[in-house]
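Fold and geometry: a report
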Amino acid sequence: MNETADGPTATRTRSRRRFVGHAAGIVGLCGVAIAQPVFTLLGEEPTYFVVHGIEGRRLLWFAIVLIVAPPLALILLLMAVRVVSTKGEVWTMTVLVGILTALTIVPAIDREFGLPVGIYVALTVAIGVGVALAYTQLEAVRRLVLYFSPAPILFLALFLISSPSSALLRTQGGADMLPTWDSSTPVTIVVFDEFALGVLLGPDGDLDTEHFPNFGRLAEMSTWYPNATTAAFRTDLAVPSILSGRIRPAGTAPTVTEYPRSLFSMLGASYDVRADEVVTRLCPDTVCATGVANEQSIVQDTAIAYLHGMLPDGLADAWLPPLGARWGGFADQGGHTAASDVDESRSIETEVESGCTNVVCQVGWDRQRFESFLAAFDESTDRPQLLYHHALLPHVPYRYFPNGVSYEPISVTRGLDPMWIDDSDFMDVMRQRYFLQSMYVDSMVGSFLDRLEATSMLDDALVVVLADHGVSLDPATALRGPEEGEDETRSGVHPIPMFVKLPGQQDGVIDERQAQNIDVLPTVADVLDLDLPSDWVFDGQSLLEEDREGPRRWLNGETTSDPDPIAFGIRLRSGLRELPGRADFIGVGPYGDLIGRSLDEFEVSTETKGTLRLDLPSAYDDIDPSVLLPALLTGSTEDLTDDDWLAITIDGTIAGVGPVYRGETLDVLLDPQTLTAGHHDVRAFAVDSQGSLLIEVSLLR
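Residues numbered from 1 in each chain as written. Predicted model: local features only at pLDDT ≥ 70, side-chain atom pairs only at ≥ 80, totals over all residues. Heavy atoms only, no water.

Things to note about the overall build of the protein chain
Assigned secondary structure in the protein chain consists of 18 helices and 20 strands. The buried share among the 701 residues of the protein chain stands at 56%. Of the contacts made within the protein chain by residues no fewer than 6 positions apart, 76% connect residues no fewer than 24 positions apart. For the protein chain, the accessible surface area stands at approximately 29300 Å², while carbon and sulfur atoms represent 54% of it. (Helix = DSSP H or I, 4+ residues; strand = E, 2+ residues; numbered from the N terminus. Buried < 20%, exposed > 50% of the residue type's maximum accessible area, 1.4 Å probe, protein only. Contact = heavy atoms within 4.5 Å. Areas by Shrake-Rupley, 256 points an atom, 1.4 Å probe, with all protein chains shown as cover.)

The structure is reproduced here in structure tokens:
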């Protein structure tokens, strides 16, 4: 017996067609609401993918998964509902259409006008409900949703063809390898990150050898270029400038494909190469091992970056870790990880291999990478060594004391997203932490020189120590993004430390002529007396040339005014306090000299003032200094103002003094000498204007 047109077969056919239409609509809306914003955001940042090890076919798979995974998850949800009820399928689709449409429209409005959280939420609900109702009532709206189904293919094509990140699809092999050179000179280059020249200078412009003795030691055996500057204030442009001697436009991927002529292609055929690259991939696969992608890290970081772009600032700040000034590891930049949460079973090698997303790995990673680099020095190799290391120090986050002891990185980028907050007292704390971390960099330079001496390489080697760029630590400025005319910011970002020890050089020299980091590679070629092909050209020039052109103050390709690193150094130190017999600036602000004094020396009021709720109240119950030292005490305050400074005591001795900022937050760096193993009693006191009366602040746990 044949079934009528309205029978079960026709009903099933209509149901299947409806489901296919729903699925096609979901694919299109997911492309518009999810894939397109991610492609737009990350397509302009090829370095994001380089840092995560996503190049070539990996990038293609990333793009395909981004197009397929979100709609597939929602389609499976729709299928599950459909099994239970066809009406449920319709209602679920209606809700999804409303949500995805709101996710498409409202963030765009927010980016244009900066909506308050309340208006953002109300507008999202209104648009979502309105579109959902229109979808149920109007055939034209349903057809419009269906018309979006091909959109993801267009977004995918634009990302893979025309975005700056598309350059990463090209397979490696473009390195312009030069032939073997007859050279026996070891070459070692260390690049520090976000290292401002001003931090090393005293008010007279000389090196501060009291706080930075190892840089003084380096200067006594090398040529120091006190007028050296960077050619770019972004790491993914500045480091390739060092390695290639060329200046490339923003958006250029820091890979061997875009920089086929580099230090590694110049010497890779003649030298045993150890290249510790972090943000770049300029060393060809034929010379250096290739890194491995970390799927967990790329998924996690992409989700956080996407949500930052979709949510209003108020919600993003409250719900998400800050993006900070990095291209990855976002989830570890605002967490509160106690020492008890440390998984000591995971080795540093395991963490580095897996992308180093664990907070303990991040704390130990810098140190372990550098120690591994030093261990690679070997004077007995058959070929000379090329040893290159990019150290992500003293780059944010700031978490090292001068002796290398690390403290708990709680909200490590607090006050920076994307600009430093406009609070000079808070910035004094950040300057203090930066200065202390820079002193740790000095100890790294000491270890570096010791290793060169121990391996008998120091006399014969070409040694270069420099920075990719500096940093701004002024209130209400970008970390390293000076705009035209911001001379104060430029004084921290533009000048860099640069030291070059020539083979056989015994005495220190100060060369006050203009120099830039793009001069490093032509200098290497000149020192090694390499006969380069005529088409190997540089934007820089050898530092050995007697008639170097100058002055050259290029910053991102533009000529700028002369920066003033001395002024930056003076501002940096203006709020720091050095205690008697110590050279570590553990004190900060007008009451920094109170540190180390006993409560018995003060008049303590019988009243109380405000409250302080510690972020990690249990951190001081049983300190284990061998894991993480909880020296950064942070918390939220009530009934206190920006004018208040709090003294934190450990077992009755003032261990740190810091300002309340934004009327509700406290960051205080404690004296590590007070944080010995075991239990400690923590108290907080507001300091009066004379620094003699302490008023206890109630401590909430």
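Some thoughts on the state of the cysteines
According to the stated counting rule, one finds one disulfide in the structure shown. Two residues, Cys283 and Cys288, share a disulfide whose sulfurs are 1.9 Å apart. Because the torsion about its S-S bond is 65°, the bridge between Cys283 and Cys288 counts as right-handed. (Disulfide = S-S within 2.5 Å.)

Quick notes on the pairing of strand β6 (residues 462-467)
Working note: regular strand, side chains alternate between the two faces of the sheet. Among the six residues in β6, six count as buried, and that is most of the element. Relative to β6, strand β1 (residues 187-193) runs parallel, the two being bridged by six bridges. Bridging across to β6, Val191 finds its partner in Leu466. In this structure, β6 lies alongside strand β7 (residues 498-501), joined through four bridges in antiparallel fashion. If you follow Val464 over to β7, its bridge partner there is Val500. (Pairing = 2+ DSSP bridges.)

What about a nonpolar patch on the surface?
A surface patch of nonpolar side chains, amounting to about 390 Å² of accessible area, comprises Val117, Val121, Val125, Val129 and Leu133. Structurally, the position occupied by Val117 is in helix α5 (residues 117-137). (Patch = residues over 30% accessible without salt bridge, like charges linked within 9 Å, V, L, I, M, F, W, Y side chains within 5 Å. Salt bridge = Lys/Arg side-chain N within 4 Å of Asp/Glu carboxyl O.)

Section: the pattern of salt bridges
Inspection of the entire model under this criterion finds 22 salt bridges. Here the residues in one salt-bridge network are Asp428, Arg431, Asp474 and Arg571, joined through shared partners.

A word on the side chain of Glu89
Assignment of secondary structure puts Glu89 in helix α4 (residues 86-113). Polar side-chain contacts of Glu89 include one of 2.9 Å to the side chain of His22. Contacts of Glu89, omitting those with residues within four sequence positions, involve Arg18, Phe19, His22, Leu78, Val81 and Arg82. (Polar contact = N/O pair within 3.5 Å; in protein donor to acceptor, adjacent residues only side chain to side chain.)

Comments concerning unusual backbone geometry
With an omega of 0°, the peptide bond between Leu393 and Pro394 qualifies as cis. Positionally, Pro394 belongs in strand β5 (residues 385-394). Here Glu194, not a glycine, exhibits a phi torsion of approximately 55°, which is positive. Note on placement: Glu194 falls in the loop between β1 and α8 (213-219).

Section: the nonpolar core
Formed by 142 residues in total, the largest nonpolar core has its most connected members in Ile189, Phe215, Met266, Leu267, Tyr398 and Phe448. Take this core: its biggest share by element is 15 residues, from helix α15 (residues 424-454). With near-sequence residues (within four places) excluded, Tyr398 lies in contact with Glu194, Tyr407, Trp420, Met430, Arg433, Tyr434, Gln437, Val471, Leu473 and Leu479. Ranked by size, the runner-up nonpolar core spans 41 residues in total, among them Val38, Val97, Tyr135 and Ile298. (Core = buried A, V, L, I, M, F, W, Y, C linked by side-chain atoms within 4.5 Å.)

Brief notes about helix α9 (residues 235-244)
An α-helical turn contains 3.6 residues, so a residue and the one three or four places further along point in the same direction. Across the 10 residues that make up α9, a large majority, 10, are buried. Buried within α9 we find Thr235, Asp236, Leu237, Ala238, Val239, Pro240, Ser241, Ile242, Leu243 and Ser244. Against α2 (46-51), β1, α10 (263-267), β5, β6 and α17 (520-527) lie the buried residues of α9. Downstream of α9 by a residue or two, Gly245 has a phi angle that is positive, lying close to 75°.

Concerning the sheet that holds strand β15 (residues 632-638)
Strand pairing in a sheet relies on backbone hydrogen bonds. The paired strands run either parallel or antiparallel. With respect to topology, seven strands assemble into a closed barrel ordered β14-β15-β18-β17-β16-β19-β20, the strand pairing being mixed. Shown here is a sheet whose adjacent strand axes are inclined to one another by a mean of 40°, direction ignored. Sheet strands in contact with α15 are β15, β16 (645-650), β17 (653-661) and β18 (665-669), and its direction is about 30° off that of β18. (Axes fitted to C-alpha atoms, helices over the stretch in contact; angles between N-to-C directions.)

Digging into the environment of Arg662
Considering the arrangement of structural elements, one finds Arg662 in the loop between β17 and β18. For Arg662, a relative accessible area of 52% puts it in the exposed group. Sequence separation of Arg662 and Asp642 is 20 residues, and the distance between their C-alpha atoms is 6.2 Å.

Some details on the pairing of β16
Most of β16 is tucked away: six of the six residues are buried. Burial of the side chains of β16 extends over both faces: Trp645, Ala647 and Thr649 are buried on one face and Leu646, Ile648 and Ile650 on the other. As judged from the six bridges shared by β16 and β17, these two strands associate in the antiparallel manner. Considered in β17, the bridge of Ile648 is made with Gly656. As consecutive antiparallel partners, β16 and β17 are separated by two residues, and within that stretch Asp651 has a phi angle of approximately 55°, a positive value.

Overview of the side chain of Thr477
Inspection of the secondary structure puts Thr477 in the loop between β6 and α16 (487-493). Classification of Thr477 as buried rests on a relative accessible area of 9%. Within polar-contact distance, the side chain of Thr477 engages the backbone oxygen of Asp474 at 2.6 Å. Not counting residues within four places of it along the chain, the set of residues in contact with Thr477 comprises Met419, Trp420, Ser472 and Thr489.

Side note on a negative patch on the surface
Together, Asp526, Asp529, Asp531, Glu545, Glu546, Asp547 and Glu549 line one region of the surface with negative charge. Position of Asp531 relative to the elements: it lies in the loop between α17 and β10 (554-555). A residue is classified by how much of its surface remains accessible, and Asp531, at 65% relative accessible area, is exposed. (Lys, Arg positive; Asp, Glu negative; His and termini not counted. Charge placed at Lys NZ, Arg CZ, Asp CG, Glu CD.)

Concerning the packing of α5 against helix α6 (residues 139-147)
Packing of α5 against α6 leaves a shortest axis separation of 5 Å and a crossing angle of 105°. With respect to each other, α5 and α6 are oriented roughly perpendicular. Between α5 and α6, the residues in contact are Ala134, Tyr135, Thr136 and Gln137 and Glu139, Val141, Arg142 and Val145, respectively. By residue class, the composition of the contact of α5 with α6 is four nonpolar, two polar and two charged. (Parallel < 35°, antiparallel > 145°, perpendicular 65-115°, else oblique. Nonpolar A, V, L, I, M, F, W, Y, C, P; charged D, E, K, R; others polar.)

Quick look at the confidence of the model for the protein chain
Looking at the protein chain, pLDDT values average 86 and 88% of them are 70 or higher. pLDDT under 50 marks residues 334-361. Its contacts with residues more than four places away, or in other chains, come to 43 contacts. (pLDDT = per-residue confidence, 0-100.)

Quick word on the packing of aromatic side chains
Across all of its chains, the model carries 20 aromatic pairs by this definition. Ring centres 5.8 Å apart and planes at 40° place the aromatic pair Phe215 and Phe499 in the tilted group. One end of the pair, Phe215, is in helix α8; the other, Phe499, is in strand β7, and 284 residues separate them in sequence. Each member of the pair, Phe215 together with Phe499, is buried. What links up through ring pairs into an aromatic cluster is the set Phe39, Tyr48, Phe49, Phe62 and Phe159. The ring centre of Tyr259 lies 5.3 Å from the NZ or CZ of Arg248, which sits over that ring. (Phe/Tyr/Trp six-rings, centres within 6.5 Å; stacked < 30°, edge-to-face > 60°. Lys NZ or Arg CZ within 6 Å of the ring centre and 35° of its normal.)

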